[in-house]
Amino acid sequence: MEMEGWVSMPKVELHAHLNGSVRDSTLLELARVLGEKGVIVFSDVEHVILKNERSLTEVFRLFDLIHILTTDHKIITRITKEVIEDFASENVVYLELRTTPKKNDSIGMSKRSYLEAVLEGIKAVNTVDVAFRPHNADVSNVKRSSLINDTCNGSTRKKIYVRLLLSIDRRETTEAAMETVKLALEMRDLGVVGIDLSGNPIVGEWMTFFPALKFAREQGLYITLHCGEVPNPKEIQAMLDLLPQRIGHACCFEEEEWKRLKSLNIPVEICLTSNIRTNSVRSIEVHHFADLYNSKHPLVICTDDSGVFSTSVSKEYNLAASAFGLGRREIFQLARNAIEYIFADDEVKRELKEIFNSAELDQ
Ligand code: 6MZ
């Protein structure tokens, strides 16, 4: 099937890191500006941004560079707006965007002000209507709709639901992780629905994050964890013990861990291109997608870092279809199944089902 066919299909994206989803053109523009200011040497970073094959270690080095380019309130607002517009333009109808709130005293940035800059970015989206506040948030409908862009020009406007997950970086301390969870709790009415644990999987200890994750779970925030990106049986067990509502990747699982995951029925966010590029999975032929799909385990196809891995949800669907011999109907069904695993209320699920039902007629 042509790419256009995947683009026109409604899609749900549940695993996208904000700073991993920035357009190359934006990164290059930001690098040029910092180059002119003498903060970086543009020619040194240009090829790093444009390089395609990257090991897991190189990916995290790239994130350190991206963070130098983007960690400024105005730029965070800009990239949030662009990332949402990019997903909406390929017909993502529900997006859970995750990002690590960052503190940088030298520019007066706190985790809270970082998140506020993200929220500004959501409000600045203008190519599509954005619904980002939960239905049960304590605001009147009028106030809520005024927060949604409704510069309707007569034709039916596209709409995208956006929810935020706050990430804890594995480099952080217990206190910093706890601060992120508290911020998420305060910002619940503004569309923050859960907590993610991410960052370089060879860094940090589970016991450092555990208190914050446990607290988040007790407070009713949804939890998704990067789990088994590298072999680490003890940590995988501890993660499954927490009963997260979803996990990401699950690349380096052993037989026992598969059994446990399957019996717990925890949905898995599958990021094919990312897993292959970072070598977490040797090749697409041996990717665990096939086994999970065949055993009807809940899963959702996601991008991880559409910027860093030069991909899109449509490209990932296309890859899954060609690598595993799935047809349009099967991929459509996969996309629709993802509605069950989203971190949003039943009203959103109902509306998404309607969108998929009406799109099904065109399939
Ligand atoms: C683990 C990843 C990741 O939060 O600054 N991140 N963590 N595994 C991955 N697989 C490739 N890809 C991205 O977005 C960038 C951050 O997301 C996490 C890393 O912590 C990275 O620094 P934010 O918006």
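That block above? That's the structure.
Trainee: Give me unusual backbone geometry: which residues, what numbers.
Mentor: With a phi angle near 65°, Asn91 is a residue other than glycine that sits in the positive phi range. Following the sequence through the fold, Asn91 ends up in the loop between helix H5 (73-89) and strand E2 (92-99). One non-glycine residue, Ala250, lies in the positive phi region at around 55°. Note that Ala250 resides in the loop between strand E7 (246-249) and helix H11 (255-264). With a relative accessible area of 0%, Ala250 lands in the buried category.

Trainee: Lay out the pairing of E7 with the relevant residues and their values.
Mentor: Relative to E7, strand E6 (residues 222-227) runs parallel, the two being bridged by four bridges. Its bridge partner lying in E7, Cys227 is registered against His249. On the question of chirality, the crossover connecting E6 to the parallel E7 by way of helix H10 (residues 233-241) is right-handed. Pairing geometry for E7 and strand E8 (residues 268-270), over two bridges, is parallel.

Trainee: Report on the pattern of salt bridges, specifying residues and quantitative values.
Mentor: Side chains carrying opposite charge are able to pair once their charged atoms draw close together. For the coordinates displayed, the defined rule picks out 26 salt bridges. The partner of Lys51 in a salt bridge is Glu58, with the nearest N and O atoms 2.9 Å apart. A relative accessible area of 35% places Lys51 in the partly exposed class. By relative accessible area, which is 27% here, Glu58 ends up partly exposed. Across the salt bridge formed by Glu235 and Arg170, the nearest N and O atoms sit 2.7 Å from each other. Of this pair, Glu235 sits in helix H10 while Arg170 sits in the loop between strand E4 (159-169) and helix H8 (174-186), and the two are 65 residues apart along the sequence.

Trainee: Report on the side chain of Thr180, specifying residues and quantitative values.
Mentor: In this structure, Thr180 sits in helix H8. A polar side-chain atom of Thr180 sits 2.7 Å from a polar atom in the side chain of Lys111. With residues up to four places along the chain from it excluded, the contact list for Thr180 reads Pro101, Lys111, Leu166, Ser167, Ile168 and Ile195.

Trainee: How would you explain the nonpolar core if you had to name every residue and give the values?
Mentor: Counting residues in hydrophobic clusters, the biggest one holds 115 residues, and the most contacted among them are Ile195 and Leu213. If one sorts the elements of this core by residue count, helix H4 (residues 56-70) sits on top with eight residues. Ignoring any residue separated from it by four or fewer positions in sequence, one finds Leu213 in contact with Ile168, Ile195, Leu197, Trp206, Ile223, Leu225 and Leu242.

Trainee: A description of the site of the ligand should follow, citing residues and the corresponding values.
Mentor: Close to the ligand lie 18 residues; His67, Thr99, Thr100, Lys102 and Asp305 are nearest. Contact between the ligand and His67: an oxygen atom at 2.6 Å from a side-chain N or O atom of the residue. Within the side chain of Thr99, a nitrogen or oxygen atom sits 2.6 Å from an oxygen atom of the ligand. Contact with the protein chains hides 99% of the accessible area of the ligand, taken as 510 Å² for the molecule alone. Broken down by element, the residue count for the shell around the ligand peaks at three residues, all from H4.

Trainee: An account of H8 is requested, with residue identities and associated values reported.
Mentor: Here H8 spans 19 Å end to end across 13 residues, near enough to the 18 Å set by a 1.5 Å rise per residue. Inspection of H8 places Ala176, Ala177, Thr180, Val181, Leu183 and Ala184 among the buried residues, and these make up the whole buried set. What you see down the axis of H8 is that its buried residues fit within an arc of 160°, all on one side. Contacts made by the buried residues of H8 are with helix H6 (111-124), E4, strand E5 (192-198) and helix H9 (206-218).

Trainee: Give me the lowdown on the environment of Glu285, citing residues and values where you can.
Mentor: Residue position: Glu285 is located in the loop between helix H12 (272-277) and helix H13 (289-294). When the C-alpha atoms of Glu285 and Glu257 are compared, they prove to be 21 Å apart, with 28 residues separating the residues in sequence. For Glu285, the side chain forms a polar contact with the side chain of Ser283, separated by 3.0 Å.

Parameters and conventions
- Residues numbered from 1 in each chain as written.
- Predicted model: local features only at pLDDT ≥ 70, side-chain atom pairs only at ≥ 80, totals over all residues.
- Heavy atoms only, no water.
- Helix = DSSP H or I, 4+ residues; strand = E, 2+ residues; numbered from the N terminus.
- Buried < 20%, exposed > 50% of the residue type's maximum accessible area, 1.4 Å probe, protein only.
- Pairing = 2+ DSSP bridges.
- Right-handed = clockwise from strand over helix to strand, strands pointing away.
- Salt bridge = Lys/Arg side-chain N within 4 Å of Asp/Glu carboxyl O.
- Polar contact = N/O pair within 3.5 Å; in protein donor to acceptor, adjacent residues only side chain to side chain.
- Contact = heavy atoms within 4.5 Å.
- Core = buried A, V, L, I, M, F, W, Y, C linked by side-chain atoms within 4.5 Å.
- Near = heavy atom within 4 Å.
- Areas by Shrake-Rupley, 256 points an atom, 1.4 Å probe, with all protein chains shown as cover.
- Expected span 1.5 Å × (residues − 1).
- Arc of directions from axis to C-beta.

Geometric values such as these leave the question of function open.
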